[in-house]
Amino acid sequence: MSGHAVAGGHLAGKPAPAGDYDADILILSLDRVAETEAAIQSVLGQTGLSRHLIVFDQGSSEATLARLRAVIEPHENAQLTSAGGNLGVAEGRNRAAALGHGRMLIALDNDAVFADSSTAARAVALLDEQPQLAALGFRIMNGDGSDEDHASWGYPEALRPRAADRFASATFVGAGHAIRRATWDAVGGYDSALFFTWEEYDFALRAIDQGWQLLHAGDIAVHHKLASEGRLDWSGRRWFLFIRNRLYIARKWRTPLPALLARAAAYCLKSMRLGLTRQAWLAVTASFQMPLSVPPRRMSAGGRAYLGVNDTAWRGGFWFRFRAEVATGLPSTRQRQMRNTPVTTPP
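Residues numbered from 1 in each chain as written. Predicted model: local features only at pLDDT ≥ 70, side-chain atom pairs only at ≥ 80, totals over all residues. Heavy atoms only, no water.

J.: So, the packing of aromatic side chains: which residues are in play, and what are the values?
T.: Taken as a whole, this structure holds 12 aromatic pairs when the rule is applied. Both rings, one in tyrosine 190 and one in phenylalanine 203, keep their centres 5.7 Å apart while their planes meet at 70 degrees; by these two values the pair is edge-to-face. Of this pair, tyrosine 190 sits in the loop between α5 (181–187) and α6 (199–209) while phenylalanine 203 sits in helix α6, and the two are 13 residues apart along the sequence. Classification of tyrosine 190 by relative accessible area gives buried; the value is 4%. Seen from their ring centres, tryptophan 198 and tyrosine 201 are 5.5 Å apart, and the 65 degrees between their planes marks the pair as edge-to-face. Pairwise contacts between aromatic rings join Trp198, Tyr201, Trp239, Phe242 and Tyr267 into one cluster. Sitting over the face of the ring of phenylalanine 195, arginine 237 holds its NZ or CZ atom 6.0 Å from the ring centroid. The ring of tryptophan 198 carries the charged tip of arginine 246 above its face, separated from the ring centre by 5.5 Å. (Phe/Tyr/Trp six-rings, centres within 6.5 Å; stacked < 30°, edge-to-face > 60°. Helix = DSSP H or I, 4+ residues; strand = E, 2+ residues; numbered from the N terminus. Buried < 20%, exposed > 50% of the residue type's maximum accessible area, 1.4 Å probe, protein only. Lys NZ or Arg CZ within 6 Å of the ring centre and 35° of its normal.)

So, in structure tokens, the structure goes:
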């Protein structure tokens, strides 16, 4: 931990303005200084809306913080705040969102940039046009926008050819998305127990249960470098969190025990095939030991119907799902096969 910031609090820039404005744009930072600077510049270049940038740092080195201060300080509509340590993506975004009060929340990974200067404005306009929408998932493209970021696809495989289109969805991808603050407040933000991975899906299920809808907006995009610095390895803790969190979420929704055990068995089978048996066993055990953040409940009838039409129907039968979800490699395998190109800042 030597050389890393430990004290929390406001570091640079101005707090959110007192009046109304369209959106808070959130970036969680943890070193990756060049990529984070590019993400910040991309936000500062957004036009066509009133917005406040919140960079929420989670333990960057003093050298990184000095560079970020220099970028943020001259701007009236931006702030840099330190958490004093790594709270995880879920709680980090909860804390960052609480620092503003814009009508919408837009989140951008610190190794991504908006595809163009109108991206944020178009996201706000779309949410304003469709008041039933809780959130938008942006199209996640590779670093230079020449192709999809294939490792960041968060929807059924059958929908992958429609990446550039709009379609109703059951989740969204964290690298670039927008959430209506009214929904955020009604649902209660992210479940901080998740720390990292599946937090968007968990939020989406709670929104759907309350009657909200979600949309993948393929015409609104970010370019995602997938920086290697600070990234959790899929063969280690990331795979552990992936399994643990998904089973924990299933418990929150009173998934019948046979179905829950079948999902756990599928993860173990895949992990055995990939040489990750220990991570799977630890994750399954941990998922049943985690205290639930809320009393378990069943999804509303309307929510079940929505998920059936917009998610389950696209996943196919048992053998199709087995091949697509169990008999495949880790997401990092696809990432290596379709390697992303360096991040570029849009004009």
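J.: An account of the pairing of strand β2 (residues 23–29) is requested, with residue identities and associated values reported.
T.: Look at any regular strand and the pattern is simple: side chains alternate between the two faces of the sheet. Most of β2 sits out of view: seven of its seven residues are buried. The side-chain alternation of β2 yields two buried faces, one formed by Ala23, Ile25, Ile27 and Ser29 and the other by Asp24, Leu26 and Leu28. Where β2 lies against strand β3 (residues 51–57), seven bridges are found, and the strand directions are parallel. Among the inter-strand pairings, leucine 28 is bridged to a residue of β3, identified as phenylalanine 56. As a crossover connection, the stretch from β2 through helix α1 (residues 33–44) into β3 is right-handed. As defined by bridge partners, β2 adjoins strand β5 (residues 104–108) across four bridges and the pair is classed as parallel. Across the sheet, aspartate 24 pairs through a bridge with leucine 105, a residue of β5. (Pairing = 2+ DSSP bridges. Right-handed = clockwise from strand over helix to strand, strands pointing away.)

J.: Break down the pattern of salt bridges for me, with residues and values.
T.: Where side chains of opposite charge bring their charged atoms close, a pairing between them can arise. Tallied over the full model, the rule gives 18 salt bridges. Two residues, aspartate 128 and arginine 103, come together in a salt bridge whose shortest N-O distance is 2.7 Å. With aspartate 128 in helix α4 (residues 119–129) and arginine 103 in the loop between α3 (88–98) and β5, this residue pair connects regions lying 25 residues apart in the sequence. Looking at aspartate 128, the relative accessible area reads 40%, which means it is partly exposed. A salt bridge links arginine 315 to aspartate 311, with the nearest nitrogen and oxygen atoms 3.0 Å apart. Taken together, the residues arginine 315 and aspartate 311, both in helix α10 (residues 301–315) and four residues apart, mark about one turn of the helix. Judged by relative accessible area, aspartate 311 falls into the buried class, the value being 13%. A cluster of three or more residues bridged by salt bridges with shared partners is formed by Asp191, Asp202, Arg206 and Lys252. (Salt bridge = Lys/Arg side-chain N within 4 Å of Asp/Glu carboxyl O.)

J.: Could you give an account of the nonpolar core, with specific residues and numbers?
T.: By size, the foremost hydrophobic cluster in this structure holds 92 residues, and its most contacted members are Ile40, Leu53, Ile106, Leu136, Phe138, Phe172 and Ile243. Of the residues forming this core, the biggest block, nine residues, is contributed by helix α7 (residues 237–252). If we ignore the near neighbours within four places in the chain, the residues touching isoleucine 243 are Tyr267, Ser271, Ala280, Ala283 and Val284. (Core = buried A, V, L, I, M, F, W, Y, C linked by side-chain atoms within 4.5 Å. Contact = heavy atoms within 4.5 Å.)

J.: Requested: an account of a nonpolar patch on the surface, with residues and values cited.
T.: On the surface, Leu257, Leu261 and Phe288 cluster together into a nonpolar patch covering about 270 Å² of accessible area. Here phenylalanine 288 lies in helix α9 (residues 277–289). (Patch = residues over 30% accessible without salt bridge, like charges linked within 9 Å, V, L, I, M, F, W, Y side chains within 5 Å. Areas by Shrake-Rupley, 256 points an atom, 1.4 Å probe, with all protein chains shown as cover.)

J.: Residues and numbers for the side chain of serine 287, please.
T.: Residue position: serine 287 is located in helix α9. The buried category is assigned to serine 287, whose relative accessible area is 0%. Here valine 284 takes part through its backbone oxygen, which lies 2.7 Å from a polar atom of the side chain of serine 287. Non-local contacts of serine 287, meaning those with residues more than four positions away in its chain, are made with Arg244, Leu247, Tyr248 and Arg251. (Polar contact = N/O pair within 3.5 Å; in protein donor to acceptor, adjacent residues only side chain to side chain.)

J.: With reference to specific residues and values, describe the packing of α1 against helix α2 (residues 62–72).
T.: At their nearest, the axes of α1 and α2 sit 10 Å apart, and the two run at 15 degrees to each other. What the angle tells us is that α1 and α2 run roughly parallel. α1 and α2 meet at a crossing whose hand is right-handed. Of the residues in α2, those touching α1 at Val33, Thr36, Glu37, Ile40 and Gln41 are Thr64, Arg67, Leu68, Val71 and Ile72. Split by residue class, the contact of α1 with α2 holds five nonpolar, three polar and two charged. (Axes fitted to C-alpha atoms, helices over the stretch in contact; angles between N-to-C directions. Parallel < 35°, antiparallel > 145°, perpendicular 65-115°, else oblique. Left-handed = near helix turned anticlockwise from the far one by under 90°. Nonpolar A, V, L, I, M, F, W, Y, C, P; charged D, E, K, R; others polar.)

J.: Residues and numbers for the side chain of glutamine 58, please.
T.: Looking at the secondary structure, you find glutamine 58 in the loop between β3 and α2. When sequence neighbours within four positions are dropped, the list of residues in contact with glutamine 58 reads Leu28, Ser29, Leu30, Ala83, Gly85, Asn86, Leu87, Gly88, Val89 and Gly92.

Structural measurements only, silent on function.
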